[in-house]
Amino acid sequence: MSTHHRNTPGQNRRSFLKTSTATAVSTIAVPVVAENIRGANERIRIGLVGLGNRMRSHVAALAELAEPMNIEIAALCDCDQQRLAEAEKHYPQLAGKKLLRYTEQKKLFDDKSIHAVSFSTQDHWHALQTIWACQAGKDVYIEKPPSHNIWEGRKMVEAARKYGRIVQVGTQCRSSPNIIEGIRKLREGIIGEVYMARGMTYKIRGHLGKHKPTPVPPGLDWDAWVGPAEMVEYSAFMHRRWYWISNFASGDTANQTVHQIDIIRWGLGLETAPTKVQSMGGRFPPAADDDADTPNTQTFSCQWEGQNVLVTFEIRHWYTPSEAGFRDQYPFVDHSNVVGAIFFGTKGYMIFPDYSSYRTFLGPKGEPGPFAHTPGEPMMDKEHFANWIQAMRSRKPEDLTADILTGHLSCTICHLAKIAYQLGRTVQFDPKTEQFPGDPEANALLKRKYRPPYVVPEEV
């Protein structure tokens, strides 16, 4: 169990958990009293789809919660037969379990014995997988970013509501007691009136490689892996570096960025998308000659109609100094990257340097103020999955700390930055219609072309 260091009373945090409209009440504790949950005696059987590195965190959290929350990992699915066969090797918590195994996810969705699905797959698959699972009556845990574009993000929300499904997005900061406390203090005015917020992700990516087509490895269904995206020849570059290829993802514009943008939107109480966004960047320097096609250096700025606040964000893939003590004084999870969010106010500033802490600096000399920190900078996966499980029992989407609508709104900011970058100009957005008024060039980028039969439907 983590040790928390703080200088603010716990009672204030507990009160905030009960009353805040910014988070989903007191759904962080693990576990809650069984009598208060509908269906508490029913075991929730969960299927896992996408057996990559990130799935290790899913398995670890769910395995730890299995006994206290009456759940079990019951099924695995991957279009790579080797990964499926070697699952216990990569996820030792699965050893000895009787697991159903599928190479086709739709067959898992059709299995009536499975109640929920946890996905750790490529970004371009998230929307269609979530919609299919909702249509099959499954609750969903989907990693960030929830969508590849704005239009399909809205379809995910529609599917969750239409089929009454509980859909949690993997923005784990929403389930951190320390982050919750920091947001409360921010809104109470600890740093005065906030006039600007800034996020950053400076991660050393370097040269990402070249696309050199090779035969598809035995046992890998490449057609299923590519799914909704445009078909391309297999290569290790495509298979392993997909994060930085626009056919499959949005690069860092909607990768780590989603976590910090979500904290910023949450802290500022912004419940709509921005109305004006501009962005510049590229793949710099030219010597970084690889086949990735998403920015490795980018800055974007956003403003909301009627809100006197500016939001900015910056991405860097090469070496950089620290900012506001990130990495050097206040480490991120891997202790090598500069990642975080800063709120600037009329009485001081507040930083969120990782997934589980906040710090304040007050007055003209930046004197240290209230803070909360958990050693090790944990990502709060267990707390986030616990919240999902509790909401599955209550059947109330509002009990989720990161409901699909919350994830969609935060991810929309990232997609708007991507569109402004692609167009090379400022874009004006209508949050109510999720369209660019009078701008057909920008509207054409709200959606992608889908490759049959992997098509996100107009009517979910």
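Residues numbered from 1 in each chain as written. Predicted model: local features only at pLDDT ≥ 70, side-chain atom pairs only at ≥ 80, totals over all residues. Heavy atoms only, no water.

Chemist: Is there a simple way to think about the nonpolar core in this case?
Modeler: Within soluble globular proteins, side chains that are nonpolar generally end up buried alongside one another. Counting 49 residues, the largest nonpolar core has Leu108, Phe119, Trp222, Trp225 and Phe248 as its most contacted members. A per-element tally of this core places helix H6 (residues 126–135) first, with six residues. Apart from the residues lying within four places of it in its own chain, the contact partners of Phe119 are Val49, Met55, His58, Gln105, Phe109, Gln129, Ala133, Val140, Tyr141, Ile142 and Glu143. Among the nonpolar cores identified, the runner-up in size contains 47 residues, and Val194, Ile261, Phe343 and Cys414 belong to it. (Core = buried A, V, L, I, M, F, W, Y, C linked by side-chain atoms within 4.5 Å. Buried < 20%, exposed > 50% of the residue type's maximum accessible area, 1.4 Å probe, protein only. Helix = DSSP H or I, 4+ residues; strand = E, 2+ residues; numbered from the N terminus. Contact = heavy atoms within 4.5 Å.)

Chemist: Explanation requested: the pattern of salt bridges in the structure shown.
Modeler: Pairing of side chains with opposite charge becomes possible as their charged atoms draw close. In the structure shown here, the tally under the stated rule is 27 salt bridges. A salt bridge links Arg395 to Asp139, with the nearest nitrogen and oxygen atoms 2.7 Å apart. One end of the pair, Arg395, is in the loop between helix H12 (381–394) and helix H13 (404–423); the other, Asp139, is in strand S6 (residues 139–142), and 256 residues separate them in sequence. Assessed through its relative accessible area of 30%, Arg395 is described here as partly exposed. For Arg154, the salt bridge goes to Glu434, with nearest N and O atoms at 2.9 Å. Placement of Arg154 in helix H7 (residues 150–162) and of Glu434 in the loop between strand S16 (427–428) and helix H14 (440–443) is noted, with a sequence separation of 280 residues between them. We classify Arg154 as partly exposed; its relative accessible area is 26%. Residue class for Glu434 comes out buried when judged on its relative accessible area of 11%. Shared partners join several salt bridges into a network, and the residues in it are Arg174, Asp262, Arg265 and Glu271. (Salt bridge = Lys/Arg side-chain N within 4 Å of Asp/Glu carboxyl O.)

Chemist: Which parts of the structure should I look at to understand the pairing of strand S14 (residues 357–362)?
Modeler: Of all the six residues making up S14, five are buried; the element is thus mostly covered by neighbouring parts of the structure. When strand S13 (residues 348–352) meets S14, the two strands line up antiparallel, connected through four bridges. Looking across to S14, one finds that Ile351 is bridged to Arg359. Where S13 folds back on S14, the antiparallel hairpin that results is connected by four residues. Pairing of S14 with strand S15 (residues 367–373), which is carried by five bridges, proceeds in the antiparallel orientation. Bridge pairing in S15 links Tyr358 to Ala372. In sequence, S14 turns back onto S15 through a hairpin of four residues, with Gly363 there showing a positive phi of about 75°. (Pairing = 2+ DSSP bridges.)

Chemist: What am I meant to see in the pairing of strand S2 (residues 44–49) here?
Modeler: In regular strands, side chains alternate between the two faces of the sheet. Most of S2 is tucked away, with five of its six residues classed as buried. In the sheet, S2 pairs with strand S3 (residues 71–77) via six bridges, with the strands oriented parallel. The residue bridging Arg45 from the neighbouring strand is Glu72, located in S3. Each parallel crossover has a hand, and the one from S2 via helix H2 (residues 55–69) to S3 is right-handed. When S2 meets strand S5 (residues 116–119), the two strands line up parallel, connected through four bridges. Counterpart to Gly47 in the pairing with S5 is Val117. (Right-handed = clockwise from strand over helix to strand, strands pointing away.)

Chemist: Help me understand H12 in this model?
Modeler: Count 3.6 residues to each turn of an α-helix, and residues three or four apart come out pointing the same way. The terminal C-alpha atoms of H12 lie 20 Å apart, and with 14 residues this matches the ideal 20 Å at 1.5 Å per residue to within 8%. By the criterion of burial, H12 is predominantly enclosed, with 13 of the 14 residues buried. Positive backbone phi, at 60°, marks Arg395, one or two positions downstream of H12. (Expected span 1.5 Å × (residues − 1).)

Chemist: Help me understand the packing of H2 against H12, please; the structure alone is not making it clear to me.
Modeler: Relative placement of two packed helices is described by the angle separating their axes and the distance separating the axes. It is the contact of H2 with H12, at a shortest axis distance of 9 Å, that shows an interaxial angle of 55°. The angle between H2 and H12 falls in the class oblique. The two elements H2 and H12 meet at a crossing, and its hand is right-handed. Residue-level inspection shows Ser57, His58, Ala61, Leu62, Glu64, Leu65 and Met69 of H2 in contact with H12, the latter providing Asp381, Lys382, Phe385, Ala386, Ile389, Gln390 and Arg393. Split by residue class, the contact of H2 with H12 holds seven nonpolar, three polar and four charged. (Axes fitted to C-alpha atoms, helices over the stretch in contact; angles between N-to-C directions. Parallel < 35°, antiparallel > 145°, perpendicular 65-115°, else oblique. Left-handed = near helix turned anticlockwise from the far one by under 90°. Nonpolar A, V, L, I, M, F, W, Y, C, P; charged D, E, K, R; others polar.)

Chemist: Please clarify how the side chain of Thr401 should be interpreted in this entry.
Modeler: Examined against the element boundaries, Thr401 turns out to sit in the loop between H12 and H13. Relative accessible area serves as the criterion here: at 2%, Thr401 is assigned to the buried category. Among the polar contacts listed, one links the side chain of Thr401 to the side chain of Ser175, at a separation of 2.8 Å. (Polar contact = N/O pair within 3.5 Å; in protein donor to acceptor, adjacent residues only side chain to side chain.)

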